[in-house]
Amino acid sequence: MTLLAILAMAALVFFSRYVFLEPKLPLRLAPQIQSMLGYSGPAVLTAILAPIVFAPEDELWVAADNPYLLCAILASVIIYKTGNVLLTTVLSMVIFLILNNLVF
Amino acid sequence: MNTEVQIMPNRHSLFMQGTIAMIPLSVAVIPWGLLAGSYAIESGLSPLESQALSAILFAGSAQLVATGMIKAGVGLTTMLLTTLFITSRHFLYSVSMRDKIGKLPLRWRLALGYLLTDELFAISGNQSEQRFEPWYALGAGLSFYLCWNLATLIGIVAGSYIPALNELGLEFAVAATFIALVIPNIKNSPTLVAVLVALVLSVALNLIQFEGALMIASIGGMLAGYLAETITRRA
């Protein structure tokens, strides 16, 4: 029974990921919708990352001792200066782990 | 040199590049994989069922909620409606990736569609149609799948012995990677508007614990970007 429920949910999740990738699905997007979708990457990623940075403990935390916020600013500066994604992630993560677990 | 020899290393190197690009997100997901495994066992699922959640369903937030619902013994209809709600953002990823993945052969569409998580969309959603490489996306998606399933397995086997990794703050790796992917894309004012609106909406809706905050904030940001684009074009 549990396995059946898992399969049913898996089918639903797969459907939500696959359905618009199917070329036989007759879908012609209006130009307005297509321009909107052009912003989907930045908008979705920002919507996922913003609560981690500004409310890591489910409360608004805009202060100089919020390591998430400090290191998010640091990451923004590094990527702006270097354009290197891996360097940005690793460097800001190392500094974050030090600040979060050893300093604050 | 014949073309066959040139194609093979290219595929291999694209696959590896995708895997490497995904590393920060693969690492960040480890605590949640451990949690998904140990929570499933705690909730009374068999080891096989617990692993099947990660191996077949393969959807972090939906899995944790599904485990809770199986434990509570709710009906299948409730389970499916809740799953539909949580999984709704994938429709957005699917429609955004249509231009890139829709023209590939069926096996590619099935594979990349199956692997289309938040993380894979983060890595490949920003790429233009010309820059999109199926092997790169496969490397990113498949390595993430393996990492998630290995973490789940460890959570199943050793759940009660694992220290609280979630207190280290590894989720910051998600924020750091996404920042590194978003900032270079802010090349004009409409994109900046989209990002700022999504940011404010997402924080505000999360603070009031609004269900579906992610979807509303994303669509709000996209709409704001589009409106800003129309206004700047007219000016």
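K.L.:
So what exactly am I meant to see when it comes to the overall build of chain A here?
P.N.:
The helix and strand tally for chain A stands at five helices and zero strands. N-terminal to C-terminal, the α/β element order of chain A is α-α-α-α-α. Taken over C-alpha atoms, the radius of gyration comes to 20 Å for chain A, far larger than the 13 Å a tight globule of 104 residues would show. With the principal axes as the frame, chain A shows a C-alpha extent of 55 × 45 × 25 Å. Out of the 104 residues belonging to chain A, those deemed buried represent 45%.

K.L.:
Teacher, can you tell me more about the overall build of chain B here?
P.N.:
Looking only at helices and strands, chain B has twelve helices and zero strands in total. Mapped in sequence order, the helices and strands of chain B form the string α-α-α-α-α-α-α-α-α-α-α-α. Rg of the C-alpha trace for chain B: 20 Å, near the compact-globule value of 18 Å for 235 residues, within the 12% margin. Based on the C-alpha atoms only, the size of chain B along its principal axes is roughly 60 × 60 × 35 Å. For chain B, the residues scored as buried account for 51% of the 235 residues in total. For chain B, contacts bridging at least 24 residues in sequence account for 74% of all contacts bridging at least 6. Taken as a whole, chain B presents about 11000 Å² of accessible surface, with 68% of it coming from carbon and sulfur.

K.L.:
So what exactly am I meant to see when it comes to the interface of chain B and chain A here?
P.N.:
By a widespread convention, an interface's size corresponds to the accessible area lost as its parts come together. With 78 residues of chain B at the interface, the matching set in chain A holds 63 residues. Between chain B and chain A, the buried area comes to about 6400 Å², and carbon and sulfur atoms account for 78% of it. The largest contributions to the chain B side of the interface with chain A come from B:Arg98, B:Phe172 and B:Met222, which together make up 12% of the buried area. At the junction of chain B with chain A, the criterion picks out one salt bridge. The partner of B:Arg109 in a salt bridge is A:Glu22, and the shortest N-O contact between them spans 3.5 Å. At the boundary of chain B with chain A, the tally comes to 16 residue pairs in polar contact (both at pLDDT 80 or more). Per-element tally for the side of chain B that touches chain A: the top contributor is helix H10 (residues 172–182) of chain B, with eleven residues. Of the residues that constitute the side of chain B that touches chain A, the class distribution is 54 nonpolar, 17 polar and seven charged.

K.L.:
Help me out: how do you make sense of the nonpolar core in this one?
P.N.:
Within soluble globular proteins, side chains that are nonpolar generally end up buried alongside one another. Residues and elements named next belong to chain B. Ranked by size, the top nonpolar core spans 66 residues in total, and within it Leu112, Ile123, Phe172 and Phe178 carry the most contacts. The dominant element in this core, judged by the number of residues it contributes, is H10, at nine residues. What isoleucine 123 contacts, discounting residues up to four positions off in sequence, is Ala21, Met22, Leu25, Tyr136, Ala140 and Leu181.

K.L.:
Just to check I follow, could you spell out the packing of helix H4 (residues 76–87) of chain B against helix H5 (residues 89–96) of chain B for this structure?
P.N.:
Between two packed helices, the angle of one axis relative to the other and the distance separating the axes together describe the packing. Residue and element names in this part refer to chain B. Look at H4 against H5: their axes get within 5 Å of each other, and the N-to-C directions meet at 45°. Here H5 runs oblique to H4, going by the angle between their axes. Contacts from Leu84, Ile86 and Thr87 in H4 reach Arg89, His90 and Phe91 in H5.

K.L.:
Before we go on, may I ask you to explain helix H7 (residues 106–114) of chain B in this structure?
P.N.:
All of the buried residues in H7(B) are B:Trp108, B:Arg109, B:Leu112 and B:Gly113. Angularly, the buried residues of H7(B) cover 120° about the axis, an arc narrow enough to put them on a single face. Those residues of H7(B) hidden inside the fold are in contact with helix H1 (2–18) of chain A together with helix H6 (98–101), helix H8 (118–124) and helix H9 (134–158) of chain B.

K.L.:
In this structure, what is going on with the layout of surface pockets? I would like to understand it.
P.N.:
Where empty space is left in the structure can be found by rolling a water-sized probe over the atoms. Size it by volume and the largest pocket reaches roughly 1700 Å³. Grouping the constituent residues of the lining of the largest pocket by class yields 25 nonpolar, ten polar and seven charged. Put simply, the second largest pocket is a space of about 720 Å³. Forming the walls of the second largest pocket are 28 residues, and the residues nearest its centre are A:Gln34, A:Leu37, A:Gly38, B:Ser96 and B:Asp99. Mapped by element, the contributors of at least two residues to the lining of the second largest pocket are helix H2 (31–37) and helix H3 (40–54) of chain A together with H5 and H6 of chain B.

Cut-offs and rules
- Residues numbered from 1 in each chain as written.
- Chains lettered and ligands numbered in written order.
- Predicted model: local features only at pLDDT ≥ 70, side-chain atom pairs only at ≥ 80, totals over all residues.
- Heavy atoms only, no water.
- Helix = DSSP H or I, 4+ residues; strand = E, 2+ residues; numbered from the N terminus.
- Rg over C-alpha atoms; globule rule 2.2 N^0.38 Å.
- Buried < 20%, exposed > 50% of the residue type's maximum accessible area, 1.4 Å probe, protein only.
- Contact = heavy atoms within 4.5 Å.
- Areas by Shrake-Rupley, 256 points an atom, 1.4 Å probe, with all protein chains shown as cover.
- Buried area = accessible area lost by both parts, 1.4 Å probe.
- Salt bridge = Lys/Arg side-chain N within 4 Å of Asp/Glu carboxyl O.
- Polar contact = N/O pair within 3.5 Å; in protein donor to acceptor, adjacent residues only side chain to side chain.
- Nonpolar A, V, L, I, M, F, W, Y, C, P; charged D, E, K, R; others polar.
- Core = buried A, V, L, I, M, F, W, Y, C linked by side-chain atoms within 4.5 Å.
- Axes fitted to C-alpha atoms, helices over the stretch in contact; angles between N-to-C directions.
- Parallel < 35°, antiparallel > 145°, perpendicular 65-115°, else oblique.
- Arc of directions from axis to C-beta.
- 1 Å grid on protein atoms, 1.4 Å probe; cavity = no way out; pocket = protein on both sides within 12 Å on 5 of 7 lines; lining within 4 Å.
- Points joined across faces, edges and corners; volume = space filled by probe spheres on them.

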